[in-house]
Amino acid sequence: MPAYDTAAPEASPVKILIAGGFGVGKTTLVEAISEIDPLRTEERLTSAGVGVDDLDGIESKTATTVALDFGRITLTDAGVVLYLFGTPGQERFWFMWDDLLLGALGAIVLVDTRRLDRSFAAIDFFESRGLPFIVGANCFNGEQSYSTEEIRAALHLRDPETPVLLLDVRSREDVRGCLLALLDRLLAQARVTAPV
Ligand SMILES: Nc1nc2c(ncn2[C@@H]2O[C@H](COP(=O)(O)OP(=O)(O)OP(=O)(O)O)[C@@H](O)[C@H]2O)c(=O)[nH]1
Ligand SMILES: [Mg+2]
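Below, the structure is looked at part by part. (Residues numbered from 1 in each chain as written. Chains lettered and ligands numbered in written order. Predicted model: local features only at pLDDT ≥ 70, side-chain atom pairs only at ≥ 80, totals over all residues. Heavy atoms only, no water.)

## A short note on the overall build of the protein
Counting secondary structure elements, the protein contains five helices and seven strands. Going from N to C terminus, the protein has its helices and strands arranged as β-α-β-β-β-α-β-α-β-α-β-α. Relative to the compact-globule value of 16 Å for 196 residues, the protein shows a C-alpha radius of gyration of 16 Å, a close match. Counting only C-alpha atoms and orienting by the principal axes, one finds that the protein spans roughly 55 × 40 × 30 Å. Counting all 196 residues of the protein, 50% fall into the buried class. A separation of at least 24 residues holds for 73% of the contacts in the protein among residues at least 6 apart in sequence. In the structure as shown, the protein presents an accessible area of about 10,000 Å², 55% of it carried by carbon and sulfur atoms. Averaged over its 18 positive side-chain charges, the protein has a centre that lies 2 Å from the centre of its 29 negative ones. (Helix = DSSP H or I, 4+ residues; strand = E, 2+ residues; numbered from the N terminus. Rg over C-alpha atoms; globule rule 2.2 N^0.38 Å. Buried < 20%, exposed > 50% of the residue type's maximum accessible area, 1.4 Å probe, protein only. Contact = heavy atoms within 4.5 Å. Areas by Shrake-Rupley, 256 points an atom, 1.4 Å probe, with all protein chains shown as cover. Lys, Arg positive; Asp, Glu negative; His and termini not counted. Charge placed at Lys NZ, Arg CZ, Asp CG, Glu CD.)

Written out as structure tokens, the structure is:
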């Protein structure tokens, strides 16, 4: 059993959403970082989805999330235990996003720069609900053709200060870096909004 398997009792619990469009790597991210066996609610993609599920660029994908992913990671240095909720990406399951939002403090919106449009709805959703988020551009095959500035411009983010990070969702270190960047963002916003 890994040494980090037990959440530090003094760590504050924080609910974080991992969102984004179909097949951008949400389930892979939760699996890469979780210190517990993540809960996955996936169903196999079948021929019934042909013409509905666009597998362009993610041909190896065989399953899709139908409810949520759930994982946990304790960041001892930051004194928090993060409860990660991965959202379903397919449009027919978007009705669940409002329920998943309850109690969340922030989100990582994953984008696939080969198909940015897959994540527009998630960005609109968090901007309209006022939930702080950062953008993680998943480097499929370890590559990224665009700079963070180009990605930020293409997404037309309402808040130009929204952090945009490049990551490989299969990399624990990359995912950890993204979560820490999100925590920094949450703390910075809390400082701005806290009464003096
Ligand atoms: N080569 C490569 N493949 C990746 C990467 N990230 C994810 N994948 C693959 O891309 C596919 C999509 O990953 P998932 O984690 O299932 O994506 P998701 O966002 O949870 O998908 P939905 O729940 O269906 O919306 C899977 O086949 C992954 O193995 C990556 O960085 N590089
Ligand atoms: Mg998934």
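## Looking at the coordination of the magnesium ion (ligand 2)
Tetrahedral metal sites with four donors have an ideal angle of 109.5 degrees; octahedral sites with six donors have ideal angles of 90 or 180 degrees. Taken together, Thr27 (OG1) and Thr65 (OG1) make up the protein donors of the magnesium ion (ligand 2), found 2.1 Å from the metal. Within this pair, whereas Thr27 is found in helix α1 (residues 26-33), its partner Thr65 is found in strand β3 (residues 63-75), the two being separated by 38 residues in sequence. Summarising the burial analysis for this pair, Thr27 and Thr65 share the class buried. (Donors = N, O, S within 2.8 Å, 3.2 Å for Na, K, Ca; no water.)

## Thoughts on unusual backbone geometry
The residue Asn141 is not glycine, and still its phi comes out positive at about 60°. The topology assignment puts Asn141 in the loop between β6 (133-138) and α4 (148-155). Despite not being glycine, His156 shows a phi value in the positive range, around 50°. Structurally, His156 can be placed in the loop between α4 and β7 (164-167). Take His156: its relative accessible area is 67%, and that puts it in the exposed class.

## So, the layout of surface pockets
Looking at the largest pocket, its volume works out to about 570 Å³. Together, 30 residues line the largest pocket, and Gly23, Gly25, Thr28, Lys61 and Phe140 are the ones closest to its centre. For the lining of the largest pocket, the secondary structure elements donating two or more residues are α1, β2 (39-44) and β3. In terms of residue count, the dominant contributor to the lining of the largest pocket is α1 (four residues). Here the residues of the lining of the largest pocket sort into seven nonpolar, 14 polar and nine charged. (1 Å grid on protein atoms, 1.4 Å probe; cavity = no way out; pocket = protein on both sides within 12 Å on 5 of 7 lines; lining within 4 Å. Points joined across faces, edges and corners; volume = space filled by probe spheres on them. Nonpolar A, V, L, I, M, F, W, Y, C, P; charged D, E, K, R; others polar.)

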